[in-house]
Amino acid sequence: MSLWLLNHFSTFTLAVVAVGGTVLLAVAGSVLLRRRHPTLAGGEHNDMVGVTLGMFGAIYGIILAFVIVTLWTQLEDTQNIVASEATSAALISRDAAAFPEPVRARLDTAMSGYVHAVVEDQWPRMRAGSPSYGATETHLQDAFRVLQTYDPKGQGEQVFYEQAVGHLNDVAAQRRARITMARRELPPLLQALAFGGAVVLIPLTFLYGLRKLRVQILFVASVAGLVGFSLLLVFVLDRPFSGDLSVSPAPYREGALAKYWTP
């Protein structure tokens, strides 16, 4: 469900629904509770509620901050992995220029097939939450086969050959890391803490009595809005390859790899 929402609705739409819905529900709940129990407006239990709200709010804030920072770091790490994989593929393309024409052509064909498979086949799979090694395996094996069957001639070719082999090994390692990131999601316990905590924190604000209804609504709405926006960040950042804030495949189309996309 989360992947479907991220892939079919813009972040702005999700923000309006998540934050706006949280605020509306919180305000409605506060007003209904105030009408049902008018004595709450007197603030008779504000001391106890204030201490409880402050303590719980601090704990919940720390949890949310930890989750959001972790997910943001994960997004940045995924972007670095993608950039590194594309860079390694581009370096193989440059190293191939030192090889004889037949070898260079075969290696270029393999790398062209690889980057096209990453962008056109593997990326939609990762976006849908079902990454697969098979989407690029054939092309990667072709590239390995070209280098395994080639015997470099001369010192110059030997140097570029060793570099090409090293970069190809890097591509294989970074591909695995990228797919691992595509499969990763927030552990169920942290999901329960993040989203379940909001169910406890927001209703607590209903019990803090204020004589003026407008002030009460402003207080409840501000807390609900902050919590709703924080949960939206958790929801959006949890899937690095889905939604508007997802990692882009653009690095596989740029630099030395751009020639593989030229008609």
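All of these numbers come straight from a predicted model, not from anything done at the bench.

Calculation rules
- Residues numbered from 1 in each chain as written.
- Predicted model: local features only at pLDDT ≥ 70, side-chain atom pairs only at ≥ 80, totals over all residues.
- Heavy atoms only, no water.
- Salt bridge = Lys/Arg side-chain N within 4 Å of Asp/Glu carboxyl O.
- Helix = DSSP H or I, 4+ residues; strand = E, 2+ residues; numbered from the N terminus.
- Buried < 20%, exposed > 50% of the residue type's maximum accessible area, 1.4 Å probe, protein only.
- Contact = heavy atoms within 4.5 Å.
- Expected span 1.5 Å × (residues − 1).
- Arc of directions from axis to C-beta.
- Polar contact = N/O pair within 3.5 Å; in protein donor to acceptor, adjacent residues only side chain to side chain.
- Core = buried A, V, L, I, M, F, W, Y, C linked by side-chain atoms within 4.5 Å.

### A look at the pattern of salt bridges
Step number 1: This structure, assessed with the given rule, holds seven salt bridges.
Step number 2: E137 is the partner of R175 in a salt bridge, and the nearest nitrogen-oxygen pair spans 3.0 Å. Of this pair, R175 sits in helix α6 (residues 154-183) while E137 sits in helix α5 (residues 134-148), placing them 38 residues apart in sequence.
Step number 3: For R175, a relative accessible area of 7% puts it in the buried group.
Step number 4: Judged by its relative accessible area of 28%, E137 is partly exposed.
Step number 5: With a shortest N-O distance of 3.1 Å, E185 and R239 are connected by a salt bridge. In this pair, E185 sits in the loop between α6 and α7 (188-206) while R239 sits in the segment after α8 (213-237), placing the two residues 54 residues apart along the sequence.

### Details of the environment of K259
Step number 1: Take K259: it is sitting in the segment after α8.
Step number 2: With 147 residues separating them in the primary sequence, K259 and S112 have C-alpha atoms 8.7 Å apart.
Step number 3: Once residues within four sequence positions are removed from consideration, K259 is found in contact with S93 and D108.

### Here's the deal with α5
Step number 1: Here α5 spans 21 Å end to end across 15 residues, near enough to the 21 Å set by a 1.5 Å rise per residue.
Step number 2: Along α5, the residues classified as buried are A135, T136, L140, A143, F144, V146 and L147. Buried residues of α5 fall within an arc of 155° about the axis and therefore sit on the same side. Along α5, the residues that are exposed and aim more than 90 degrees away from the buried face are G134 and Q148.
Step number 3: In this structure, the buried residues of α5 make contact with α4 (101-127) and α6.

### Some details on the environment of R239
Step number 1: For R239, a relative accessible area of 13% corresponds to the buried category.
Step number 2: Residues R239 and A198 lie 41 residues apart in sequence; the distance between their C-alpha atoms is 21 Å.
Step number 3: For R239, the side chain forms a polar contact with the side chain of E185, separated by 3.1 Å.

### Focus: the environment of P152
Step number 1: Structurally, P152 can be placed in the loop between α5 and α6.
Step number 2: According to the relative accessible area criterion, P152 is buried, its value standing at 12%.

### Examining the nonpolar core
One broad trend across soluble globular proteins is that nonpolar side chains are buried collectively.
Step number 1: Ranked by size, the top nonpolar core spans 58 residues in total, and within it F99, L107, M111, W123, L168 and F241 carry the most contacts.
Step number 2: Within the residue set of this core, elements represented by two or more residues are α3 (46-95), α4, α5, α6, α7 and α8.
Step number 3: Among the elements that take part in this core, α3 stands out by supplying 13 residues, more than any other.
Step number 4: If we ignore the near neighbours within four places in the chain, the residues touching W123 are V82, V118, R178, F241, V247, S248, P249 and Y252.
Step number 5: Counting five residues, the second largest nonpolar core, distinct from the first, contains L6, L14, A15 and L232.

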